[in-house]
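The lines below spell out each chain.
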Amino acid sequence: MGLLDLDGQEVLRRLREWYTGKPILVLSARDQETEKVQALDHGADDYVTKPFGVSELLARMRTALRHAHRIGADATTITIGDLVVDLASRVVTLAGREVHLTPLEYKLLATLLKHAGKVLTHRFLLREVWGPQDSQENHYLRVFVASLRRKLEADPARPRYILTEQGVGYRFAVD
Amino acid sequence: MPDARPNPDLLLAQVQAAEAGTKRGSLKVFFGYAAGVGKTYAMLEHARRARTEGRDVVVGYVEPHARPETEALLHGLEILSVRHIDYRGVTLREFDVDAALQRRPDLLLVDELAHTNAPGCRHEKRWQDVEDLLAAGINVWTTLNVQHIDSLNDVIGQISGVIVRETVPDHVFDSADDLELVDITPEELLERLNVGKVYLPGQAQRAIESFFQRSNLTALRELSLRQAARRVHTDVESARRAKAAEEPWATAERLLVCVGPSPTTARVIRTAKRMAAAARPARPWLAVSVDLTGAANAPAQQQIANHFRLAERLGAETVTLPGQSITETILDYARSRNVTKLFIGKTHQPRWRRLILGTVVDELLEQSGDIDVYVIHGAEESREFTSAPGRRRPVSRWSYFMSCALIALTGGVAYGLRFLHLADAEANTVMLFLATVAWTAYRYGRGPAALASAAAVLVFDFFFVSPFGTFAVDDTQYIVTFAVMLAIGLVIGTLTARLRAQIESTRQRERRTSALYELGKQLGSLYGSSFLASAAGRKIAEMVGGDVAIYLRSQAGALGIVCGQDGPIAGHPVSLPTAQWVVEHDQVAGAGTNTLPNAAALFLPLTGTQRTHGAVAIRVADATRLVEPDLRQLLEACVSQLALALERDQLAIDAAEARIQAETEQVRSSLLSSVSHDLKTPLAAIAGASSSLLESSALDDETRQQLLETVAEEAARLNRLLENILQMSKLEAGAAAPNRQWHVLEEIVGSALHRTRRELADHDVQVMLPTDLPLLFVDGLLLEQVFVNLLENAARYTPAKSHVVIRAAVDGRMVRIALSDNGPGVPAGSEERIFDKFYRATPTVDGGRGSGLGLAISRAIVKAHGGTMTVSNQPGGGAEFQLRLPLSQDAPRVAIQ
């Protein structure tokens, strides 16, 4: 991110103006959360801080590619583990049992699923779920995520699907 | 006079500029014995030479009456513009000290050091301007005639018959770094005078003519030569002393001057100064006045105050002693201070009085023993001190009327008693009258008492001595009665009045002493400069019955008002610049002094042993009170008490800071040694493993694998350690102010568990959080770090398969979070110490070492959230970490539906 002649965030922003449809991973020694949020808001798919292990980087790259691939596919049903979401009929089932979600909960889940594997910032999620004009605060999101976890996760304190990226946002785990 | 008041902002700017100047400028005096010897000419000539040598020379002020030759010398030199001041319809040209300070040349020429400035200038005298210039680091050349030196003033007045009012204190002249004597023979000077080459002010033509006589000029020349010679002597002396500092000092001799209200005193003071200065090294000298209880009246006090100021200017230490007898008090004091020579003025008193009552001079001569007494005869009337309108204590007409009324009443009572045959004897009547006179004296003072005595005699004569109803007397014996009655009345009156005055003055002194004592006691019990200042300010205001403001220097050196911010002094525009000046020069200024006299108040510096801490400003309704020596001494005593208290306070702060500094230093050094050890250990392992890999090709696969694992592990450890150190230093520097938001505890714990899932793979972690826990207002990242640290510790210090339980519960206004395990627990007695930086309780389960920072960081984070963190061993075994975080009453509630 710390380049000699231009700020990395600016590079990212300009790159995203024409380079679409392919994932961008940011590798940086800057570990400030605001930096991460900014990069993600500028269109990065993931942010890996130095130092990192090669295996971790490879895993992240795989996730990003799979995710990019999925967006291309025109699926109506998403299946991850025990969780099955029928996007057409808006029915969520967990291990065969239907889970009742409120409209906002469903919208939140759908948004996370649509970008599964990618870190979504608080701001992005709030805008997507509550709408651009409604500027809710981060804790709305937290309370809804907590409620969603209670309905979907076996152990809400150890989520398997909706992972927290502290200080940045959430990510729907795909593997 | 639109220009009379100095612009405070400008003044302030200059005062600050003066502060910035580091080195004091040097002063060179072109010294002559009379006008016309060519001082200005010589100065300008030297200046031109200096300019050709490349110095930055500016002419600050040269008298406008310069002769053509002098004018020619001025040509080509940079000349500062003068200030024009309208004074009583006349426009006066004055040297502009502000412009000079702004220009800041290397060398500034200012003619006529003894000049008195027009009202409205910064200072009363030009030499004070020059002092400011020198203080600002500007080198100054100036001119001066011998008769303007303060201590020579009266001698020259005697020689020439002309008294010069414009004088320069000796210390200014003595402090000149360089003296250039400009000398021509009196014949030459008179020749010049005849040709009209010497400027003479028109209005004093006659006096000046008598001044310029050959005999006068010769005497003046001699004086100036002697001054210059003395000066050379001093220079040689100081140079010699600088070389041989071990030379023995002459035994200290002290001179003492008796100061009284008489105009002779000024002469006595000057004589003493000359005697004191003539010795090598100069002797210290004292100016002493005896305050006979209740005896001195206001104009006399005023004169004594004037004399004291003169003595102070000439370098004396001034003392006022209370006492009953002038002779005894002075001699006692003189002996206590090792005085060897005593100076007193000859008193002009009628012969009869001298014969009957004796004089102080006679008594002194009689009792002085081994002290030399110098009796100085006085001039007829010194014109220097025009007696200021005294503040006579007003004795109202009412008092006189009342004294007469009381006598009339006494007469009535005596008449009634006689009528009733209760007190027939005339002696009783006389006693009654005398009693009334005594009462009048006590109540109304000496004057009314004298009137009452006279009235008593008349009433007695008229009503009680036959023939009644007339002033005629049958029996001549009554004449004696009247005379004795009058005399006794007067004596009683005088004694009673004096007694009363004594009581009054004792009471006043007592009040002041107790006030000073109280001030001292109060200051002794307080801490903090602003508290000290406001306490002292209140006390001083109460003591003098006026307004007080106190300015103190901050650590950075800026002057700020700390007491009396709303008072009238603070509101005055000249107050702050005056305070600045006072602090800068460590001298008294403001109302009642010669410096910045148009300020609202008297400003006294808070002089400490190392620096001036600030200034105290005092304003009283009657400004003339500020020159009273009594009040000044009291104020100075108070101010020096405050200065001492401030110093003590500062020392205490310094000591505390030094202690903190030492502690910080110790922590830093222990941190450094620990960090360097912890950083080097993994680095050594990495370096060792990688070099083995590089250099030995004959390694089997298993060994290679082990070495590679070592490198990876140690690198990870190093990374963790660095992160911890960074975070710790951020927390300690206060840079990591918590970014607090409303959080769900479950999410934070979950996130921490996710991050430590690998370390805790072999442990059984249970999370038991109530679902209705309110939102916490915390920094999610930091709190997550706390849990990560605790969980990592659990993984490190408990064996595999151990149970870890995380619980939370609302406890009043706090939320209590407990993280417990069933491992070995923390070593007994180290429950507090494990939170210290770089404290490691026991080896970890895998035999490795932690960073020793995790718990310190965790506790710092919890503390930053207003919470607490402790650890204890559970009864059933294992450690339990307890976190208590404050709950907010206004935690938001979010409806899911």
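Notes on the structure follow. Just so it is clear, the structure is predicted and the values come from calculations on it, not from any experiment.

### Notes on the overall build of chain B
When its secondary structure is counted, chain B shows 27 helices and 25 strands. Looking at chain B as a whole, 44% of its 897 residues are labelled buried. Accessible surface, chain B: about 45000 Å² in total, of which carbon and sulfur atoms supply 55%.

### A word on the side chain of Thr756(B)
Along the chain, Thr756(B) falls in the loop between α25 (745–755) and β20 (764–768). Setting aside anything within four residues of it in sequence, one finds Thr756(B) in contact with Val788(B), Leu791(B) and Glu792(B).

### What to know about helix α20 (residues 529–544) of chain B
Residue and element names in this part refer to chain B. Under the 1.5 Å per step criterion, the end-to-end length of α20 is 22 Å for 16 residues, consistent within 8% with the ideal 22 Å. Of all the positions in α20, only Leu532, Ala533, Ala535, Ala536, Gly537, Lys539, Ile540, Ala541 and Val544 are classed as buried. Looking one or two residues past α20, glycine 545 carries a phi angle of roughly 65 degrees, positive in sign.

### Looking at the interface of chain B and chain A
The partner chain A presents 24 residues to the 26 residues of chain B that form the contact. Between the two partners, chain B and chain A, sit 3 salt bridges. Here chain B and chain A share 7 residue pairs in polar contact (both at pLDDT 80 or more) between them. A breakdown of the residues in the side of chain B that touches chain A according to their chemical character gives 12 nonpolar, 10 polar and 4 charged.

### Focus: the packing of aromatic side chains
Residue and element names in this part refer to chain B. Applying the stated criterion across every chain, the model contains 16 aromatic pairs over all chains. Relative to tryptophan 141, the ring of phenylalanine 30 has its centre 5.7 Å away and its plane inclined at 65 degrees; by these criteria the two rings are edge-to-face. Of this pair, phenylalanine 30 sits in strand β1 (residues 27–32) while tryptophan 141 sits in strand β7 (residues 139–145), placing them 111 residues apart in sequence. Here phenylalanine 30 falls in the buried class, since its relative accessible area comes to 0%. On the basis of an interplanar angle of 90 degrees and a centroid distance of 6.0 Å, the ring pair of phenylalanine 460 and phenylalanine 482 is categorised as edge-to-face. Here phenylalanine 460 is found in helix α18 (residues 446–464), whereas its partner phenylalanine 482 is found in helix α19 (residues 477–524), with 22 residues between them in sequence. Through successive ring pairs, a cluster of aromatic residues spans Tyr415, Phe433, Phe460, Phe464, Tyr478 and Phe482. A cation over a ring is seen here: lysine 28 above tryptophan 141, with NZ or CZ 4.9 Å from the ring centre. The residue whose ring lies beneath arginine 500 is tyrosine 442, and the NZ or CZ to ring-centre distance is 5.5 Å.

### A closer look at the sheet that holds strand β18 (residues 612–619) of chain B
Residues and elements named next belong to chain B. Sheet architecture is open: 5 strands sit in the order β15-β14-β18-β17-β16, paired in antiparallel fashion. Edge strands, defined here as strands with exactly one partner in the open sheet, are β15 (559–563) and β16 (589–590). Its contacts with the sheet place α20 against β14 (547–553), β15 and β18, and it is angled at close to 155 degrees to β14. In the packing of helix α22 (residues 575–585) onto the sheet, contacts are made with β14, β15, β16, β17 (602–607) and β18, and the angle to β17 comes to roughly 40 degrees.

### What to know about the pairing of strand β4 (residues 83–86) of chain A
Side chains on a regular strand alternate between the two faces of the sheet. All names here are of chain A. Only one face of β4 is covered, namely the one carrying Leu83 and Val85; the face carrying Val84 and Asp86 has none of its residues buried. In the sheet, strand β3 (residues 77–80) pairs with β4 via 4 bridges, with the strands oriented antiparallel. Along β4, the bridge assignment pairs threonine 79 with valine 84. The antiparallel hairpin formed by β3 and β4 contains 2 residues in its connecting segment, where glycine 81 sits at a positive phi of about 60 degrees. In this sheet, strand β5 (residues 91–94) lies alongside β4 in antiparallel orientation, the contact comprising 4 bridges. Across the sheet, leucine 83 pairs through a bridge with leucine 94, a residue of β5. Taking the residues that link successive antiparallel strands as the turn, the β4-β5 hairpin has 4 residues, and the phi of arginine 90 there is positive, at about 60 degrees.

### A short note on the pattern of salt bridges
All names here are of chain B. Throughout the structure, instances matching the rule amount to 37 salt bridges over all chains. Two residues, arginine 55 and aspartate 106, come together in a salt bridge whose shortest N-O distance is 3.0 Å. One end of the pair, arginine 55, is in the loop between α2 (39–52) and β2 (57–61); the other, aspartate 106, is in the loop between α4 (97–103) and β6 (107–110), and 51 residues separate them in sequence. With a relative accessible area of 31%, aspartate 106 lands in the partly exposed category. Taking the shortest distance from any N to any O, the salt bridge between aspartate 150 and arginine 270 comes out at 3.1 Å. Linking aspartate 150 in the loop between β7 and α6 (153–160) with arginine 270 in helix α11 (residues 264–278), this pair joins segments that are 120 residues apart in sequence. Across this residue pair, the class does not change: aspartate 150 and arginine 270 are buried.

The rules behind these values
Residues numbered from 1 in each chain as written. Chains lettered and ligands numbered in written order. Predicted model: local features only at pLDDT ≥ 70, side-chain atom pairs only at ≥ 80, totals over all residues. Heavy atoms only, no water. Helix = DSSP H or I, 4+ residues; strand = E, 2+ residues; numbered from the N terminus. Buried < 20%, exposed > 50% of the residue type's maximum accessible area, 1.4 Å probe, protein only. Areas by Shrake-Rupley, 256 points an atom, 1.4 Å probe, with all protein chains shown as cover. Contact = heavy atoms within 4.5 Å. Expected span 1.5 Å × (residues − 1). Salt bridge = Lys/Arg side-chain N within 4 Å of Asp/Glu carboxyl O. Polar contact = N/O pair within 3.5 Å; in protein donor to acceptor, adjacent residues only side chain to side chain. Nonpolar A, V, L, I, M, F, W, Y, C, P; charged D, E, K, R; others polar. Phe/Tyr/Trp six-rings, centres within 6.5 Å; stacked < 30°, edge-to-face > 60°. Lys NZ or Arg CZ within 6 Å of the ring centre and 35° of its normal. Pairing = 2+ DSSP bridges. Axes fitted to C-alpha atoms, helices over the stretch in contact; angles between N-to-C directions.

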